[in-house]
Amino acid sequence: MSQITQPPRPRVLGPVNWLGLQTLTGKETGRFIKVYAQTIVAPVITTLLFYLVFSLALGGAQRMIGATPYMAFLAPGLIMMSMAQNAFANTSSSMVISKVQGNIVDVLMPPLSPMELTLGYTLGGIARGLVVGFVSILVLALLMDVQISNVFYIIYHGLMGSMMLALLGLIGGIWSSKFDHLAAVQNFIIMPATFLSGTFYTADRLPESWRFLCHLNPFFYMIDGFRYGFIGISDGTLGVGLVTLAVTNIILLAVAYRMISTGYKLKS
């Protein structure tokens, strides 16, 4: 008797395609792990060089911010800046490369909802930011006494800051048609916002008008709260920073979701 074979049955995905989301997240994470020398080692070396330049060449080792040594004040800002830049780079480069090479269709065709696509790319960017931050802390711990004042603020601002830049990178990558457009986003939005966020200085030393603008910058709260987690000192209101980052990420998530769901510059 011939054996009767059953026809293949369609896979029941359920409300969330967990397998697809895991696969996309793994793809985005694997991208930067495979080239770790460029995506992890290089940013850590850059952070270390910034630290050494301010410490040795610019006399930062003798400076004080109130009762806090300047280098202890500077280190968390450098770490957070590196985390933010790499979270942005992971999502933005992935999206632009897929569009330029024409293989974005390989991501859009599988049964992944717009929210699953948004989260998959974002989680990959968050992972890169957190890995770079963790390795940077370990390396700087060899040069200085790393003190931790509040673990919650370190984790929260590291996570939410990486998420904010990953979403900005995703939005910028979707909007950009070529690498020149992406470079414009980096040079005229990301870099100014990062350097004007209190990374290298305390906002209290700024003129009143500039201090007001600084406090409108979400990057300021990202770095200020992260720094507070290490040294226990902040320039802004911590509660405002917690809410600002959460609201900013919700807005950016909604914008990224909307762009993907409508196929903006992806399906045309």
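Quick note: structure is the one above.
Residues numbered from 1 in each chain as written. Predicted model: local features only at pLDDT ≥ 70, side-chain atom pairs only at ≥ 80, totals over all residues. Heavy atoms only, no water.

Take the overall build of the chain next. When you go through the chain residue by residue, the secondary structure sums to 10 helices and 2 strands. Counting only C-alpha atoms, the chain reaches 90 × 40 × 35 Å along its principal axes. Within the chain, counting contacts between residues at least 6 apart in sequence, those at least 24 apart form 82% of the total. As displayed, the chain has an accessible area near 13,800 Å², and 68% of this comes from carbon and sulfur atoms. Each charge class in the chain can be summarised by its mean position, and for the 15 positive and 9 negative side chains these summaries are 11 Å apart. (Helix = DSSP H or I, 4+ residues; strand = E, 2+ residues; numbered from the N terminus. Contact = heavy atoms within 4.5 Å. Areas by Shrake-Rupley, 256 points an atom, 1.4 Å probe, with all protein chains shown as cover. Lys, Arg positive; Asp, Glu negative; His and termini not counted. Charge placed at Lys NZ, Arg CZ, Asp CG, Glu CD.)

A few words on helix 1 (residues 18-34). The end-to-end C-alpha separation of helix 1 is 24 Å, in line with the 24 Å expected for 17 residues at 1.5 Å each. Of all the positions in helix 1, only G20, L21, L24, T25, E28, T29 and F32 are classed as buried. The buried residues of helix 1 occupy one face: seen down the axis, they fall within an arc of 165°. Along helix 1, exposed side chains directed more than 90 degrees from the buried face belong to Q22, T23 and K34. Turning to helix 1, the residues buried within the fold contact helix 2 (36-57), helix 3 (70-101), helix 4 (105-108) and helix 5 (114-140). (Expected span 1.5 Å × (residues − 1). Buried < 20%, exposed > 50% of the residue type's maximum accessible area, 1.4 Å probe, protein only. Arc of directions from axis to C-beta.)

Turning our attention to helix 3. Since one α-helical turn is 3.6 residues long, residues separated by three or four positions face the same way. Across its 32 residues, helix 3 extends 46 Å between first and last C-alpha, which sits within 8% of the 46 Å expected from 1.5 Å per residue. Phi turns positive one or two residues past the end of helix 3, at G102, with a value near 80°.

Before going further, it helps to spend a moment on the nonpolar core. Generally speaking, nonpolar side chains in soluble globular proteins are found buried as a group. Counting 55 residues, the largest nonpolar core has Y70, L165 and M222 as the members making the most contacts within it. Contributing elements (two or more residues each) for this core: helix 2, helix 3, helix 5, helix 6 (151-175), helix 7 (179-195), helix 9 (218-231) and helix 10 (238-262). When sequence neighbours within four positions are dropped, the list of residues in contact with M222 reads M80, A84, H157, G161, M164, L165 and L245. (Core = buried A, V, L, I, M, F, W, Y, C linked by side-chain atoms within 4.5 Å.)

Once that is clear, we can look at unusual backbone geometry. The backbone phi angle of K265 is positive, close to 55°, even though this residue is not glycine. As for its placement among the helices and strands, K265 is situated in the segment after helix 10. Residue K265 is classed as partly exposed on the basis of its relative accessible area, which comes to 29%.

Turning to the side chain of T25, a few remarks are in order. Take T25: it is sitting in helix 1. On the basis of relative accessible area, T25 is assigned to the buried category, the value being 17%.

For the rest of this paragraph, the subject is the packing of aromatic side chains. Inspection of the entire model under this criterion finds 9 aromatic pairs. Taken together, a centroid distance of 5.2 Å and an interplanar angle of 10° make the contact between F54 and F200 stacked. Of this pair, F54 sits in helix 2 while F200 sits in the loop between helix 7 and helix 8 (208-215), placing them 146 residues apart in sequence. Accessibility classification places F54 together with F200 in one group, the buried group. A network of ring pairs unites the aromatic residues F50, F54, Y70, F73 and F200 as a single cluster. Cation over ring: R227 sits above F73, and NZ or CZ is 3.7 Å from the ring centre. (Phe/Tyr/Trp six-rings, centres within 6.5 Å; stacked < 30°, edge-to-face > 60°. Lys NZ or Arg CZ within 6 Å of the ring centre and 35° of its normal.)

The final tally for this structure, using the stated rule, is 2 salt bridges. The residue E28 makes a salt bridge to R31 at a minimum N-O spacing of 3.9 Å. Here the residue E28 and the residue R31 both occupy positions in helix 1, the gap between them amounting to 3 residues, near one helical turn. Overall, the relative accessible area of 0% leaves E28 in the buried class. We classify R31 as partly exposed; its relative accessible area is 28%. One connected set of salt bridges, linked through shared partners, spans K27, E28 and R31. (Salt bridge = Lys/Arg side-chain N within 4 Å of Asp/Glu carboxyl O.)

Shape is all these values report; function is a separate question.
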